Amino acid sequence: KETMNFFFFFFKNFSTNQRGVSLIEISLVVAIIVILAAITIPIQNSVLTQQYLSDGSNSIQTVLRTANLQAKLGSHNLNAGVWIGEPVDGIPNIVLYRGPNYEARNKDLDEPVIVPGGLVITTTPDNDINFSILTAVSDQASVITIKNSAGERIIEVNTLGTVTEKYELPPTTK
């Protein structure tokens, strides 16, 4: 009975003739939703852009370390390498391959690598990073730069085959 009194007290001001809500109440709810959306959408886009950069960097590091390990283990008795080509429909074109270089690779063993779109990936000195069988040393030192509007990441591969990452974020404005 006490619960019933509480609900009666709480709702006693509502008229039994009232049906639905007024236009002003609907307008207030819509305005609140629009304001919340206007605040959260740019924040969400910023977080997603940062996450795409991080995911792309992690994917490339993983494939480089996988190629290095496969070369050390002598997988398929071939060198292993990573080729970073021109984007196809805005999506980076990256392939883990086995062979002395990308052009002379065993195409049956190719493994495409999936990374988020919207990334600009450049490699220096060229787009073919190869690790020698059993020693896993790289034929040359390479620098891979991954950029988007959230910043850039730099991955370095030295001649010993070691993969390291450097973070470079855009300067903050005050």
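From a predicted model like this one, the values you see are computed outputs, not experimental measurements.

Turning our attention to a nonpolar patch on the surface. Taken together, the side chains of Val21, Ile26, Val30 and Val34 make up a nonpolar region of the molecular surface, amounting to roughly 350 Å² of accessible area. Positionally, Val21 belongs in the loop between α1 (2-11) and α2 (23-73). For Val21, a relative accessible area of 58% gives the class exposed.

Next up on the list: the confidence of the model for the protein chain. With 84% of its residues at a pLDDT of 70 or more, the protein chain shows a mean pLDDT of 86. Confidence, expressed as mean pLDDT per element, reaches its minimum in the protein chain at α1 with 52 and its maximum at strand β5 (residues 128-131) with 96.

Strand order in this open sheet of 4 strands is β3-β2-β1-β5, and the pairing throughout is antiparallel. Pairing within the sheet leaves two strands with one partner each, and these edge strands are β3 (111-113) and β5. Neighbour-to-neighbour, the strand axes of this sheet turn through a mean angle of 20°, independent of strand direction. Across 7 bridges, strand β1 (residues 80-88) lies against strand β2 (residues 91-98) in antiparallel orientation. Its bridge partner lying in β2, Gly85 is registered against Asn93. Packing of α2 onto the sheet brings it into contact with β1, β2, β3 and β5, and relative to β1 it is tilted by some 150°.

This next bit is on the environment of Asp55. Within the element layout of this structure, Asp55 appears in helix α2. Taking the C-alpha atoms as reference points, Asp55 and Pro116, separated by 61 residues in sequence, lie 7.1 Å from one another.

What follows covers the environment of Asp110. The topology assignment puts Asp110 in the loop between β2 and β3. C-alpha separation for the pair Asp110 and Val95, spaced 15 residues apart in sequence, amounts to 6.5 Å. Contacts of Asp110, omitting those with residues within four sequence positions, involve Val95, Leu96, Tyr97 and Arg105. For Asp110, the side chain forms a polar contact with the side chain of Arg105, separated by 2.7 Å.

This brings us to α2. Its 51 residues place the ends of α2 71 Å apart at the C-alpha level, agreeing with the 75 Å of an ideal helix rising 1.5 Å per residue. Within α2, the full set of buried residues consists of Leu53, Ser54, Gly56, Ser57, Ile60, Gln61, Val63, Leu64, Ala67, Asn68, Gln70 and Ala71. Phi turns positive, to about 70°, at Gly74, one or two residues after α2.

Within this structure, the stated rule accounts for 2 aromatic pairs. Between Trp83 and Tyr102 the ring centres are 4.1 Å apart and the planes differ by 10°, which places this aromatic pair in the stacked class. Remark: Tyr102 occurs in the loop between β2 and β3 and Trp83 occurs in strand β1; sequence separation between them is 19 residues. Of the two residues, Trp83 and Tyr102, neither departs from the other in class, the shared state being buried. Residues Tyr97 and Tyr102 carry aromatic rings whose centres are separated by 5.7 Å and whose planes lie at 75° to one another, so their mutual orientation is edge-to-face. Given a relative accessible area of 13%, Tyr102 falls into the buried group. Members of the aromatic cluster, each reached through a chain of ring pairs, are Trp83, Tyr97 and Tyr102. In this arrangement the basic side chain of Arg105 is found over the ring face of Tyr102, its NZ or CZ atom lying 3.8 Å from the centre.

Criteria and thresholds
- Residues numbered from 1 in each chain as written.
- Predicted model: local features only at pLDDT ≥ 70, side-chain atom pairs only at ≥ 80, totals over all residues.
- Heavy atoms only, no water.
- Patch = residues over 30% accessible without salt bridge, like charges linked within 9 Å, V, L, I, M, F, W, Y side chains within 5 Å.
- Areas by Shrake-Rupley, 256 points an atom, 1.4 Å probe, with all protein chains shown as cover.
- Salt bridge = Lys/Arg side-chain N within 4 Å of Asp/Glu carboxyl O.
- Helix = DSSP H or I, 4+ residues; strand = E, 2+ residues; numbered from the N terminus.
- Buried < 20%, exposed > 50% of the residue type's maximum accessible area, 1.4 Å probe, protein only.
- pLDDT = per-residue confidence, 0-100.
- Pairing = 2+ DSSP bridges.
- Axes fitted to C-alpha atoms, helices over the stretch in contact; angles between N-to-C directions.
- Contact = heavy atoms within 4.5 Å.
- Polar contact = N/O pair within 3.5 Å; in protein donor to acceptor, adjacent residues only side chain to side chain.
- Expected span 1.5 Å × (residues − 1).
- Phe/Tyr/Trp six-rings, centres within 6.5 Å; stacked < 30°, edge-to-face > 60°.
- Lys NZ or Arg CZ within 6 Å of the ring centre and 35° of its normal.

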